[in-house]
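Residues per chain are reported as follows:
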Amino acid sequence: MTTPLKMSARNLDFYYGDFKALHAVNLDVRTNEVTALIGPSGCGKSTFLRCLNRMNDLIDIARVEGELLLDGQDIYKGGMDVVELRRRVGMVFQKPNPFPKTIFENVAYGLRVNGSSDNAFIAGQVEKSLKQAALWNEVKDRLHTNALGLSGGQQQRLCIARALAVEPEILLMDEPASALDPIATQKIEELIHELKEDLTIIIVTHSMQQAARVSDMTAFFYMGKLIEMDQTETIFTRPANKQTEDYITGRFG
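Residues numbered from 1 in each chain as written. Predicted model: local features only at pLDDT ≥ 70, side-chain atom pairs only at ≥ 80, totals over all residues. Heavy atoms only, no water.

Moving on: the sheet that holds strand β6 (residues 89-92). Pairing in this open sheet of 6 strands is mixed, and the strands run β6-β7-β8-β3-β9-β10 from one edge to the other. Of all strands in the sheet, those with a lone pairing partner are β6 and β10 (225-231), marking the two edges. Sheet twist, expressed as the average angle between the axes of neighbouring strands with direction ignored, equals 20°. Two elements, strand β9 (residues 217-222) and β10, share 6 bridges in a ladder whose sense is antiparallel. Bridging across to β10, Met217 finds its partner in Gln231. Strands in contact with helix α6 (residues 152-164) are β6 and β7 (170-174); relative to β6, the strand with the most contacts, it is inclined by about 170°. (Pairing = 2+ DSSP bridges. Helix = DSSP H or I, 4+ residues; strand = E, 2+ residues; numbered from the N terminus. Axes fitted to C-alpha atoms, helices over the stretch in contact; angles between N-to-C directions. Contact = heavy atoms within 4.5 Å.)

Structure (structure tokens):
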């Protein structure tokens, strides 16, 4: 049985002013799978990721052509509530970016922004999200201390908990472990495996090993084009495209 599609790009072009950063990208993301986006620096993978929850809207000169479908609905068509879109499609950035607030308030932030004022509900969601992010046992006795006192790896898991608190359907991760040590990286990767039970995850990574370890599908981008996408094992063992093979074997990139 085929897993249902969650998001699809159809002939997606993206421009920064006159510069065309993405060229006719066609890509499908399936529910409860981890899709890794790989490719050399500047190839368009982070730009594509930020298209998926309209983060690029924040750039004045940015423009999108083509379609980006979430459950069949084009997120760039009129009538799309961008706040609701970003609740459904959460994001975790490359560097941990906790707010200068308590651990508790960091996780509660999105709930409050989305209009929740029920303190019991908020407390329950904070605990649930910290457990999902494998952080609860480390912070449960210091929820009301400043989040900036956490280690880098803990801060990144806190940012994941913050994204999870509003119960997104998709989690975008832009090199979530690139600023972390190997032990913290392993924790993030274990977390990705657990989270895909409930979520669809799309991760940008520079690490081939990480893509091979965590993803079901891998998409290789080069110079703004999607060169090849397939099951991760196929991409890493039997890529159909010579450019993909050259990148994976380290001949360039």
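Take α6 next. Here α6 is 13 residues long and its end C-alpha atoms lie 18 Å apart, about the 18 Å a rise of 1.5 Å per residue gives. Among the 13 residues of α6, 12 are classified as buried, and the element is accordingly described as predominantly covered. Among the residues of α6, Gly153, Gln154, Gln155, Gln156, Arg157, Leu158, Cys159, Ile160, Ala161, Arg162, Ala163 and Leu164 are the ones counted as buried. Buried residues along α6 sit against β6, α3 (103-113), α4 (119-132), α5 (136-139), β7 and α7 (182-195). (Expected span 1.5 Å × (residues − 1). Buried < 20%, exposed > 50% of the residue type's maximum accessible area, 1.4 Å probe, protein only.)

This part takes up the pairing of β6. Residues Val89 and Met91 point to one face of β6 and Gly90 and Val92 to the other, with burial holding for every one of them. By the bridge criterion, 4 bridges tie β6 to β7 in an arrangement that is parallel. What sits directly across from Gly90, in β7, is Leu171.

Before going further, it helps to examine the packing of aromatic side chains. Counting across every chain of the model gives 5 aromatic pairs. Where Phe14 meets Tyr16, the ring centres are 4.8 Å apart and the plane angle is 85°; that geometry is what we call edge-to-face. A relative accessible area of 0% places Phe14 in the buried class. Judged by centre distance (5.1 Å) and plane angle (25°), the rings of Phe220 and Tyr247 are stacked. In this pair, Phe220 sits in strand β9 while Tyr247 sits in helix α10 (residues 242-248), placing the two residues 27 residues apart along the sequence. For the pair Phe220 and Tyr247, one class covers both residues: buried. Seen from the ring of Tyr15, Arg63 lies directly overhead, with NZ or CZ sitting 4.0 Å from the centre. A cation over an aromatic ring shows up here: Arg162 above the ring of Phe99, its NZ or CZ 4.2 Å from the ring centre. (Phe/Tyr/Trp six-rings, centres within 6.5 Å; stacked < 30°, edge-to-face > 60°. Lys NZ or Arg CZ within 6 Å of the ring centre and 35° of its normal.)

This part is about the packing of α6 against α7. Running from N to C, α6 and α7 point in directions that differ by 20°, and their axes come no closer than 9 Å. Classified by the angle their axes make, α6 and α7 are roughly parallel. Helix-helix and strand crossings are classified by hand; for α6 and α7 the assignment is right-handed. Listed contacts from α7 to Gly153, Gln156, Arg157, Ile160 and Leu164 of α6 are Ala184, Lys187, Ile188, Leu191 and Leu195. Classifying every residue of the contact of α6 with α7 gives 6 nonpolar, 2 polar and 2 charged. (Parallel < 35°, antiparallel > 145°, perpendicular 65-115°, else oblique. Left-handed = near helix turned anticlockwise from the far one by under 90°. Nonpolar A, V, L, I, M, F, W, Y, C, P; charged D, E, K, R; others polar.)

This part covers the pattern of salt bridges. If you walk through the whole model with that rule in mind, you get 19 salt bridges. A salt bridge links Lys187 to Glu138; the nearest nitrogen and oxygen atoms lie 3.9 Å apart. Of the two residues, Lys187 sits in helix α7 while Glu138 sits in helix α5, which places them 49 residues apart along the sequence. Accessibility expressed as a relative area gives 31% for Glu138, which makes it partly exposed. Sharing partners across several salt bridges, the network here consists of Lys6, Asp71, Arg88 and Glu169. (Salt bridge = Lys/Arg side-chain N within 4 Å of Asp/Glu carboxyl O.)

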